[in-house]
Each structure stands twice: as C-alpha cells, then as structure tokens.
Amino acid sequence: AMFVCMKWLVVGRAKESTYGMWDAFVQQNFFMWRLISWYMPVMYLLGGSLAQNPILRALGLRIGRRSLISELHNYFDVDLLTLGSDVVLHRPRWQLHTFEDRVLKLYCTTVGDGAMISNSQIVGGADVQAGAIVL
C-alpha cells in the first residue's frame with residue numbers, strides 16, 4: 001500500500017507525452033524507480049495469480065477481467081498499458097518509454113482481448129491485436 005500511495009503522490013498518472021531530461025516528471029519517475037524494492041516482494045508473492053490485478057490497477061494499469069500476468073519484473077509505465085480481458089502475459093518485459101537526446105518519450109500500448117505473450121518485449125506504441133499469440 002505504501003508504494004501505491006507514493007506512486008500517486010510523487011508521480012501521478014503518466015500520459016503519452018514527451019518530457020525534457022530535467023523536467024520534474026522525469027526526476028519524480030527516477031525517484032520511484034529507485035523504490036521498486038518496496039513493491040517487488042509483494043508482486044513475487046502474488047505473481048501468477050489474479051490477486052495481483054487489484055494492485056496493478058491501483059498503480060494505473062488498465063486490465064480486463066480474468067487477465068493473468070506471471071513473473072512480472074517491473075511496474076514501470078503501467079499507466080500507459082491497457083490489457084484486454086482473458087490476456088495472458090508470461091515473463092513480460094515492457095518498456096513503453098524511450099529516452100532519446102535527453103528527452104523522455106512515453107507511448108500508450110494496448111494488448112487486445114485473448115492475446116497471449118510469453119518471454120517477449122512489449123514496446124511503447126504497440127497494438128497487439130485480440131487473439132494474437134507472441135512467443
């Protein structure tokens with residue numbers, strides 16, 4: 001609960017946008033990334049179960065019914081990710097931002113209903129269609 005509260009107090013909701021390197025939003029995100037150790041033990045404990053979904057929703061992830069994420073290793077960019085219903089992500093890695101020429105760029109990404117993604121990188125701006133299988 002502490003990490004969720006900190007996320008909303010320090011960063012708020014991330015939106016698709018660009019920010020200069022010294023922008024307050026960028027520095028606030030860097031601060032939160034340093035606190036990831038507060039959050040990960042809970043996610044390891046709940047990983048692979050629907051019990052983690054309320055926490056991910058509280059962090060800003062839009063996640064449909066009966067969607068399952070196993071072996072999640074980060075929370076970064078959850079505000080920018082939308083998962084449909086009945087989605088399965090196994091060992092997902094997502095990076096929905098880039099940092100180019102001292103500019104942080106954030107991209108919204110969608111994974112459609114019934115998609116399954118395993119051991120794959122999900123990049124910012126992707127639109128994974130409903131029913132897609134990515135191995």
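In what follows, the accompanying structure is described.

Definitions and limits used
- Residues numbered from 1 in each chain as written.
- Predicted model: local features only at pLDDT ≥ 70, side-chain atom pairs only at ≥ 80, totals over all residues.
- Heavy atoms only, no water.
- Helix = DSSP H or I, 4+ residues; strand = E, 2+ residues; numbered from the N terminus.
- Rg over C-alpha atoms; globule rule 2.2 N^0.38 Å.
- Buried < 20%, exposed > 50% of the residue type's maximum accessible area, 1.4 Å probe, protein only.
- Contact = heavy atoms within 4.5 Å.
- Salt bridge = Lys/Arg side-chain N within 4 Å of Asp/Glu carboxyl O.
- Phe/Tyr/Trp six-rings, centres within 6.5 Å; stacked < 30°, edge-to-face > 60°.
- Lys NZ or Arg CZ within 6 Å of the ring centre and 35° of its normal.
- Polar contact = N/O pair within 3.5 Å; in protein donor to acceptor, adjacent residues only side chain to side chain.
- Axes fitted to C-alpha atoms, helices over the stretch in contact; angles between N-to-C directions.
- Parallel < 35°, antiparallel > 145°, perpendicular 65-115°, else oblique.
- Left-handed = near helix turned anticlockwise from the far one by under 90°.
- Nonpolar A, V, L, I, M, F, W, Y, C, P; charged D, E, K, R; others polar.
- Arc of directions from axis to C-beta.

1. Thoughts on the overall build of the protein chain
Here is step 1: A count of helical and extended segments in the protein chain gives 4 helices and 13 strands.
Here is step 2: In summary, the protein chain has a C-alpha radius of gyration of 14 Å against a globular reference of 14 Å for 135 residues, a match within 12%.
Here is step 3: Dimensions of the protein chain, computed from the C-alpha atoms along their principal axes, are close to 40 × 30 × 20 Å.
Here is step 4: Scored against the burial criterion, the 135 residues of the protein chain give a buried share of 41%.
Here is step 5: The long-range share in the protein chain, meaning contacts at least 24 apart out of those at least 6 apart in sequence, stands at 45%.

2. Focus on the pattern of salt bridges
Here is step 1: Tallying each qualifying case throughout the model produces 5 salt bridges.
Here is step 2: Among the ionic pairs, Glu71 bridges to Arg91, the shortest N-O distance being 2.8 Å. Taken together, the residues Glu71 in the loop between strand 3 (68-70) and strand 4 (81-83) and Arg91 in the loop between strand 5 (88-90) and strand 6 (93-95) connect sequence positions 20 residues apart.
Here is step 3: Across the pair Glu100 and Lys105 runs a salt bridge, and its minimum N-O distance is 3.5 Å.
Here is step 4: Note on Lys105: relative accessible area 24%, which makes it partly exposed.
Here is step 5: The network of salt bridges with common partners includes Lys7, Arg13 and Asp79.

3. Some details on the packing of aromatic side chains
Here is step 1: Counted by the stated rule, this structure contains 5 aromatic pairs.
Here is step 2: Consider the rings of Tyr19 and Phe25, whose centres lie 4.3 Å apart with planes at 25°: the pair is stacked.
Here is step 3: An aromatic cluster is present here, built from Phe30, Trp33, Phe76 and Phe99 joined pairwise through their rings.
Here is step 4: Over the face of the ring belonging to Trp8 we find Lys7, whose NZ or CZ atom lies 3.7 Å from the ring centre.

4. Some remarks on the side chain of Gln52
Here is step 1: Within the secondary structure layout, Gln52 lies in the loop between helix 3 (36-46) and helix 4 (53-58).
Here is step 2: For Gln52, a relative accessible area of 0% translates into the label buried.

5. Re the side chain of Thr109
Here is step 1: Turning to its location among the elements, Thr109 is positioned in strand 9 (residues 109-111).
Here is step 2: The exposure class of Thr109 is buried, given its relative accessible area of 0%.
Here is step 3: In terms of polar contacts, Thr109 uses its side chain to reach the backbone carbonyl oxygen of Val123, at 3.4 Å.
Here is step 4: Of the polar contacts made by the side chain of Thr109, one reaches the backbone nitrogen of Gly125; its length is 2.9 Å.

6. Details of the packing of helix 1 (residues 2-10) against helix 3
To characterise two packed helices, one gives the angle between the axes of the helices and the distance between these axes.
Here is step 1: The geometry of helix 1 relative to helix 3 is characterised by a closest axis approach of 9 Å and an angle of 135° between their N-to-C directions. Classed by the angle they form, the pair helix 1 and helix 3 counts as oblique. Our pair here, helix 1 against helix 3, has a crossing hand that is left-handed. Here Met2, Phe3 and Met6 of helix 1 lie close against helix 3, whose contacting residues are Ile36, Trp38 and Tyr39.
Here is step 2: Residue classes in the contact of helix 1 with helix 3 are distributed as 6 nonpolar, no polar and no charged.

7. Details of helix 1
Here is step 1: Within the sequence span of helix 1, burial applies to Phe3, Val4, Met6 and Lys7. All buried residues of helix 1 lie within an arc of 165° about the axis, which places them on one face of the element. Of the exposed residues in helix 1, those oriented more than 90 degrees away from the buried face are Met2 and Leu9.
Here is step 2: Contacts from the buried residues of helix 1 go to helix 2 (24-34), helix 3 and helix 4.

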